[in-house]
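Each chain, letter by letter, is given below.
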Amino acid sequence: MQRPDWAPDTIDIERPSVARMYDYYLGGSHNFAADRAAARAMVEAVPEAPLMAQANRAFLRRAVQFLAEAGVRQFLDIGSGIPTVGNVHEIAQRIDPECRVVYVDVDPVAVAHSREILAGNDRATVIQEDLRRPAAILQHPEVTKLLDLSQPVAVMIVAVLHFIPDTDRPDEILRTLRTALAPGSYLVLSQASDDGRGETGERAEAERVYRRTDSQLWIRSRAELTALFAGFELVEPGVVWVPQWRPESPEQAEDAAKAVFIGGVGRLGG
């Protein structure tokens, strides 16, 4: 296929990218035929896939609004993906224009498009880095320039952890991030889970689809995700299906398990 102008020459447009598949689920346009084919295969295996992405995006929006209203003015969004409507800086800076946001993603398309979106915004930036290199993220000059880690920061790791296997030690990744944060900081996590969904065969089929992409799928239980909040005090209602996390109306939390994603917010005391 012809490479569009916005696609960096360094990427393989024939291999599906999880960031671009997520963009497709959300109705975005920064994806290729290979991404769309893989996303459609995922929808065939798990019909709720677009709902999952939308519910997770709504969780991110509610979490950022909660944090900004709680006084947080700094956000580090790791695995931010390709920008779409309702980005962290849009939500936070609507509440306070002084909010500062650093986006982090490993996908070159996500980073390139983020740079376009953020042009002229001196309180938001994006860097290309991998969640599995937390020290490199924390020491990156763009991060240290924009964020003051001696003050509270909200670290967002939303819809990313299911691409980090246990062999990459997510607990150590989060420990490195937590150690760098000031008291009053927050951690926001969400990821795919099949808790309580029974043996439908969806998990095996979803894992098969994602083996064709740049990142394989690593499903976790509610107990496993809760354990990754070690050192943080969970904000009510704890780790739940994402539509159940502080919904704006009771109707939004109905059939919450269909969203597949679980998530929560933790606060660092001290």
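Check the entry above for the structure.
Residues numbered from 1 in each chain as written. Predicted model: local features only at pLDDT ≥ 70, side-chain atom pairs only at ≥ 80, totals over all residues. Heavy atoms only, no water.

## Digging into the pairing of strand β5 (residues 186-192)
Across the 7 residues of β5, 7 count as buried, placing the element largely inside the fold. Pairing of strand β4 (residues 154-158) with β5, which is carried by 5 bridges, proceeds in the parallel orientation. Looking at β5, one finds that Met 156 is bridged to Val 188. With helix α8 (residues 170-180) bridging β4 and its parallel neighbour β5, the resulting β-α-β unit is right-handed. (Buried < 20%, exposed > 50% of the residue type's maximum accessible area, 1.4 Å probe, protein only. Helix = DSSP H or I, 4+ residues; strand = E, 2+ residues; numbered from the N terminus. Pairing = 2+ DSSP bridges. Right-handed = clockwise from strand over helix to strand, strands pointing away.)

## Points about the pattern of salt bridges
In total, this model carries 11 salt bridges according to the counting rule given. In this structure, Glu 98 and Arg 123 form a salt bridge, with 2.9 Å as the shortest nitrogen-oxygen distance. Note that Glu 98 is positioned in the loop between α4 (88-95) and β2 (100-105) and Arg 123 in the loop between α5 (108-118) and β3 (124-128), a separation of 25 residues in sequence. With a relative accessible area of 27%, Arg 123 lands in the partly exposed category. Salt bridges linked by common partners bring Arg 20, Asp 35 and Asp 107 together as one network. (Salt bridge = Lys/Arg side-chain N within 4 Å of Asp/Glu carboxyl O.)

## Brief notes about α5
Of the positions making up α5, those classed as buried are Pro 108, Val 109, Ala 110, Val 111, His 113, Ser 114 and Leu 118. Where α5 is buried, its residues contact α1 (18-25), α4, β2 and β3. At the N-terminal end of α5, a side-chain oxygen is found 2.8 Å from the backbone nitrogen of Val 109, two or three residues along, and the residue is Asp 107. Downstream of α5 by a residue or two, Gly 120 has a phi angle that is positive, lying close to 90°. (Contact = heavy atoms within 4.5 Å. Polar contact = N/O pair within 3.5 Å; in protein donor to acceptor, adjacent residues only side chain to side chain.)

## Some words on the packing of aromatic side chains
A full pass over the atoms with the stated rule returns 3 aromatic pairs. Residues Phe 66 and Tyr 186 carry aromatic rings whose centres are separated by 6.3 Å and whose planes lie at 90° to one another, so their mutual orientation is edge-to-face. Here Phe 66, found in helix α3 (residues 49-69), pairs with Tyr 186, found in strand β5; they are 120 residues apart in sequence, far enough to count as distant. The buried category is assigned to Phe 66, whose relative accessible area is 19%. Here the guanidinium or amino end of Arg 246 rests over the ring plane of Trp 245, the centre of that ring lying 5.4 Å away. (Phe/Tyr/Trp six-rings, centres within 6.5 Å; stacked < 30°, edge-to-face > 60°. Lys NZ or Arg CZ within 6 Å of the ring centre and 35° of its normal.)

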